[in-house]
Amino acid sequence: MAEKTPQRNSRYVAKKKPKKSGSHWFRNTVLLVLVACSFMLFSFLGYLDYNVREQFEGKRWAIPARVFASPVELYAGENLTAGKFEELVRRLNYRQDNQLRIEGSYSKKDQQIIVKTRAFDFWDQHEPSRMLSVNFSESAIANVMDLAEAKEVAIVRMDPVQIGSFYPAIKEDRILIKLDETPDILIKGLLASEDRDFFNHIGISFRGIARAVMADIKARGMVQGGSTITQQLAKNFYLTSERRIWRKIQEIFMALILEFRYSKHEILEAYLNEIYLGQDGGSAVHGFGLASEFYFGTALRDLNLEQMATLVALVRGPSQYDPRRYPERAVERRNLVLSEMASQGYITTAQANQAIQKPLAILPRSHMAKNRYPGFLDVVKRQLKQEYQEKDLTSDGLRIFTTLDTQIQDTLEQTISKKLSQLEKTSSARELETAVVVTRRDSGEIAALASAREESASGFNRALDALRPIGSLVKPAVYLTALQYPNKYTITTRVSDSDITVNLPNGTTWSPKNYDHREHGNVSLLTALTKSYNLATVRVGLDIGVARTAKTLKEMGVNREVDIFPSLLLGATSLTPIEVAQMYQTLAGDGFLTPLRGIRAVVAEGGKQLQSYPFIVKQAVDPSATYIVNTMLQEVMLHGTGHTAYDEFPKDYGLIGKTGTTNDAKDSWFAGYTGDYLSVVWLGRDDNKPIGLTGSTGALQVWTALMKQISKQPVTLIPPENITTAWVDSGNGLLANKACRGAKEFPYLPGSAPTAYSTCGQAVIEQDKNWFDDLFTE
């Protein structure tokens, strides 16, 4: 019996095997979970690693395109007063500093302004920084002296005003800087304030994390970061700013990956360009390069110790320590940074104390462009979209140099505000809207543009998109077409200004009327245009053919299809103000077509010129016929519908222009030019109700007020070589002697001048002949 006990024991033990199997199951489960967790962890790390590398090694930032106005050129005789020049340098955020310590500073004494210009890379050349003395007379620059070389300079180009930016969907902006070019004192300030052990840790600081955890436990929430510079970069570059544990975990892993993959040099340079340092309206200010200009109006390299400490202070909280909103907080934080720098031995205690005593010296407003001129920027963007994709415009850091003259643009906006208010007070017009296009007569460059009475970035661009009947603005095209047939029409050809009824293809009739509802009998072509007679114009247009007038419009630069109806001859066709400007630019160009343009050049971020927009010109219509039309339009201004302009201009200024009024006075137009500028003005209402203003009483008043301020050159028409002149009796269109009463000298194409003499002309000739014959008779 005693021998069987072991068998029972062995059977008993054998029956214990299920327990052993249970132990294996638990262990296997744990191992499986560990494997799954490890797989998930490594997958997660792989995912983070992929995201980190893809963005860090690829295109790190979407840099918005910057748009610049036309630069101001300084030279003796330039129409620029000391006051206007000071306004310009202030707009460029130059600082008034009698010691001129940095680029972008100036000093003023009486009629002299000494300026230390900023170096600037234009599309065609580098403009170095210069120390200039600009001396002024009462109305212009007297001379420009280069103080470094102690000599007068012929011309100097100032750095241009930035007028806008084209942003990506996320409105961030930055000016990229290289670590090697970053002031050493800024790096030391960051290390002292943000991450003393940056060059030694692996991306995270355990002491900093422990300190942050204790603070969070005490506050029962996320209140302190304790983040290294690498962690801050991970947060700003890849993550949101929300305070959650999961985000913090991602931040730590990303910091470790960054440190594993990249050098300290690369991490620090990325941090300098990525860190968020403020808000300029709807655009975020990132990086120390842009922050320097945003807060101090100068390049980072020109900042002094206390200014760099101010920027470092913003890292902890750009909103909390905003120096414009909370200067006391900003000073306190800046001083703490300076003290930390001294305690770490980066600066001396004396340097810190000296800097602590300095004021903030922040710009009173941001320097950055607020897209102040949305109407003009719309022109630029539309032109660019013909050659660039949207993402290129908003992310490649392009620099776009435009033709805008900010002084003329500001003058235009002020004139619109003042004159439209006056017109509404002195007439029945209400809720007036407007669009104005100003170009340089010699080049077709758009110098200024107003898309509305009050410019708005989201508003309707009337200058580009408002299709309105142009009324009598079409008449120069009618007469230009007629004058190209000199065997039938000359400037003195008599035409009938009498009632006419035209049968239309649809079986109806059209009976136009003059504005004064009167007939004026036989009048010369010159008188018909000067007085803007409708009936005479229709007869001329029908005689040469409506289609030929439409062809002339196309040759003058109007690409829009127009209906070939008789009413085209009186401007029933609708054009936009910029299309009218293109049409009149051809007249101003003496028959040569120059496409209007708002851009001079596009330069890539690295400085390479991508696109230039050279001056393009081609002959469009007969220059001789154009010359004659221009002389007729001068008569319009002297004795016709535009004569009130000479209440402000000298009589010998040679103004050229034409008024336009549509049915029921719904649209008031004026297009005209001086020796230097062409302007087109439209007035009306958005609901197309009558405004009770003609071209003369409405648009011309705005045009005159504007051009009086901006134009400095009268018109000098130079006749083509084949133009001949003849003295003609303006009463009957026959040849006359210049001694005859009413005789006037007119231009003609070869062989088209009158051959018959008026009574006065013949009598004078006979008298001269008799006197000549008497010399040889006894």
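It should be emphasised that the depicted structure is a prediction, and the values quoted were computed from it without experimental measurement.

### What about helix α4 (residues 184-194)?
- Of all 11 residues in α4, 8 are buried; the element is thus mostly enclosed.
- Within α4 the residues assigned to the buried category are L186, I187, G189, L190, L191, A192, S193 and E194.

### Comments concerning the sheet that holds strand β5 (residues 112-116)
- The strand order across the open sheet built from 6 strands is β3-β4-β5-β8-β9-β10, with neighbouring strands paired in mixed fashion. Either end of the sheet is taken by a strand with one partner, and the two such strands are β3 (95-96) and β10 (151-152).
- Judged from the 5 bridges that link them, strand β8 (residues 131-136) and strand β9 (residues 141-146) form a sheet pairing that is antiparallel. Counted as the bridge partner of L132 is D146 from β9.

### Here we look at a nonpolar patch on the surface
- A contiguous nonpolar patch, built from W25, F26, V30, L31 and L34 and spanning about 550 Å² of accessible area, is present on the exposed surface.
- For L34, the location among the structural elements is in helix α2 (residues 17-57).

### Some details on the packing of helix α11 (residues 327-343) against helix α12 (residues 349-356)
- The contact between α11 and α12 brings their axes to 9 Å, and the two run at 170°. Comparing the axis directions of α11 and α12 gives the class roughly antiparallel. The residues of α12 that touch α11, namely those facing R334, N335, L338, S339 and A342, are T349, A352, A355 and I356.
- By residue class, the composition of the contact of α11 with α12 is 5 nonpolar, 3 polar and 1 charged.

### Notes on the side chain of R118
- Locating R118 in the fold gives a position in the loop between β5 and β6 (120-121).
- Side chain to side chain, R118 and D159 meet in a polar contact 3.2 Å long.
- Sequence-distant contacts of R118, that is, excluding residues within four places in its chain, are made with L92, N93, Y94, E103, G104, E127, P128, S129, D159 and G297.

### Here's the deal with the side chain of S193
- The topology assignment puts S193 in helix α4.
- Polar contacts involving the side chain of S193 include one to the side chain of E194, which spans 3.2 Å.
- Aside from chain neighbours lying at most four places away, what touches S193 is V312, R316, R333 and V337.

### Regarding the nonpolar core
- Judged by nonpolar contacts, the single largest core of 108 residues is most densely connected at L74, F85 and L384.
- Setting aside chain neighbours within four positions, we find L74 in contact with L80, F85, L132, V134, I141, V144, A154, I155, V156 and M158.

### A look at the environment of L314
- With respect to the helices, strands and loops of the structure, L314 is situated in helix α10 (residues 305-314).
- Residue L314 is classed as buried on the basis of its relative accessible area, which comes to 1%.
- Separated by 19 residues in the primary sequence, L314 and R333 have C-alpha atoms spaced 8.2 Å apart.
- Apart from residues lying up to four places away in sequence, L314 is in contact with L277, Y295, Y321, D322 and P323.

### Section: the sheet that holds strand β17 (residues 433-440)
- The antiparallel open sheet is built from 5 strands, whose spatial order is β18-β17-β31-β30-β29. Here the strands that pair on one side only, and so sit at the sheet edges, are β18 (446-450) and β29 (656-661). Looking at each pair of strands side by side, their axes are set apart by 5° on average, direction ignored.
- Inspection of the sheet shows strand β30 (residues 667-673) paired to strand β31 (residues 677-684) by 7 bridges, in the antiparallel sense. When the sheet's bridge partners are listed, Y673 is paired in β31 with L678.
- Along the sheet, helix α21 (residues 577-588) contacts β17, β18, β29, β30 and β31; its crossing angle with β31, the most-contacted strand, is approximately 145°.
- Sitting on the sheet, helix α22 (residues 623-639) is in contact with β29 and β30, with an inclination near 65° to β29.

### Observations regarding the packing of α4 against α10
- Two elements in contact, α4 and α10, have axes whose closest approach is 9 Å; the angle formed by their N-to-C orientations is 45°. Considering their axes alone, α4 and α10 lie oblique with respect to each other. The element α4 and its partner α10 pack so that their crossing is right-handed. Of the residues in α10, those in contact with I185, L186, G189, L190, S193 and E194 of α4 are L305, M308 and V312.

### Things to note about the pattern of salt bridges
- Enumeration over the complete set of coordinates arrives at 34 salt bridges.
- In this structure, R453 engages E424 in a salt bridge whose closest nitrogen and oxygen atoms are separated by 2.8 Å. On the criterion of sequence distance, the pair formed by R453 in the loop between β18 and α16 (462-465) and E424 in helix α15 (residues 406-426) is long-range, its members being 29 residues apart.
- Overall, R453 belongs to the partly exposed group, its relative accessible area being 23%.

### Concerning the pairing of strand β20 (residues 494-497)
- Where burial is concerned, the two faces of β20 differ: the one with V495 and D497 is buried and the one with R494 and S496 is not.
- Note: β20 against strand β23 (residues 521-524), 4 bridges, orientation antiparallel. Each bridged residue has a counterpart across the sheet, and for R494 the counterpart in β23 is S524.

### Comments concerning unusual backbone geometry
- In this model, N93 sits at a positive phi of 60°, which is unusual for a non-glycine residue.
- With respect to the element layout, N93 can be found in the loop between α3 (82-91) and β3.
- Using a relative accessible area of 6% as the deciding quantity, one classes N93 as buried.
- Despite not being glycine, A665 shows a phi value in the positive range, around 55°.
- Residue A665 is classed as buried on the basis of its relative accessible area, which comes to 16%.

### Notes on the confidence of the model for the protein chain
- Averaged over the protein chain, the pLDDT score is 87; the fraction of residues at 70 or greater is 87%.
- Confidence drops under pLDDT 50 across residues 1-16; counting only partners more than four residues distant or on other chains, this segment forms 0 contacts.
- Counting contacts from residues 763-778, a segment whose pLDDT is below 50, to residues more than four positions away or on other chains yields 4 contacts.

### A look at the packing of aromatic side chains
- Applying the stated criterion across every chain, the model contains 13 aromatic pairs.
- On the basis of an interplanar angle of 20° and a centroid distance of 5.5 Å, the ring pair of F68 and F401 is categorised as stacked. On the criterion of sequence distance, the pair formed by F68 in strand β1 (residues 65-68) and F401 in strand β16 (residues 399-402) is long-range, its members being 333 residues apart.
- Given a relative accessible area of 1%, F401 falls into the buried group.
- Ring centres of F198 and F199 lie 4.9 Å apart, and the angle between their planes is 80°; this geometry places the pair in the edge-to-face category.
- Through pairs of rings, three or more aromatic residues link up here, namely F68, F120, F122, W123 and F401.
- Lying over the aromatic face of F294, R324 brings its terminal NZ or CZ to 4.6 Å of the ring centre.
- Positioned over the ring face of Y326 is R329, at 4.0 Å from the centre of the ring.

### Here we look at the environment of R468
- Within the fold, R468 resides in strand β19 (residues 468-469).
- Each C-alpha atom, one on R468 and one on A572, is 8.9 Å from the other, the two residues being 104 residues apart in sequence.
- The residues contacting R468, other than those within four sequence positions of it, are T573, S574, L575, K666, D667, W669, W682, R685 and N688.
- A polar atom in the side chain of R468 sits 2.9 Å from the side chain of N688.

### Describing the pairing of strand β15 (residues 283-286)
- Burial of the side chains of β15 extends over both faces: S283 and V285 are buried on one face and A284 and H286 on the other.
- Taken together, the 2 bridges between strand β13 (residues 172-173) and β15 define a ladder with parallel strand orientation. Across the sheet, residue D173 finds its bridge partner in β15, namely V285.
- Two strands pair when backbone bridges link them, and strand β14 (residues 276-280) and β15 are joined in this way by 4 bridges, in the antiparallel orientation.

Calculation rules
- Residues numbered from 1 in each chain as written.
- Predicted model: local features only at pLDDT ≥ 70, side-chain atom pairs only at ≥ 80, totals over all residues.
- Heavy atoms only, no water.
- Buried < 20%, exposed > 50% of the residue type's maximum accessible area, 1.4 Å probe, protein only.
- Helix = DSSP H or I, 4+ residues; strand = E, 2+ residues; numbered from the N terminus.
- Pairing = 2+ DSSP bridges.
- Patch = residues over 30% accessible without salt bridge, like charges linked within 9 Å, V, L, I, M, F, W, Y side chains within 5 Å.
- Areas by Shrake-Rupley, 256 points an atom, 1.4 Å probe, with all protein chains shown as cover.
- Salt bridge = Lys/Arg side-chain N within 4 Å of Asp/Glu carboxyl O.
- Axes fitted to C-alpha atoms, helices over the stretch in contact; angles between N-to-C directions.
- Parallel < 35°, antiparallel > 145°, perpendicular 65-115°, else oblique.
- Contact = heavy atoms within 4.5 Å.
- Nonpolar A, V, L, I, M, F, W, Y, C, P; charged D, E, K, R; others polar.
- Polar contact = N/O pair within 3.5 Å; in protein donor to acceptor, adjacent residues only side chain to side chain.
- Core = buried A, V, L, I, M, F, W, Y, C linked by side-chain atoms within 4.5 Å.
- Left-handed = near helix turned anticlockwise from the far one by under 90°.
- pLDDT = per-residue confidence, 0-100.
- Phe/Tyr/Trp six-rings, centres within 6.5 Å; stacked < 30°, edge-to-face > 60°.
- Lys NZ or Arg CZ within 6 Å of the ring centre and 35° of its normal.

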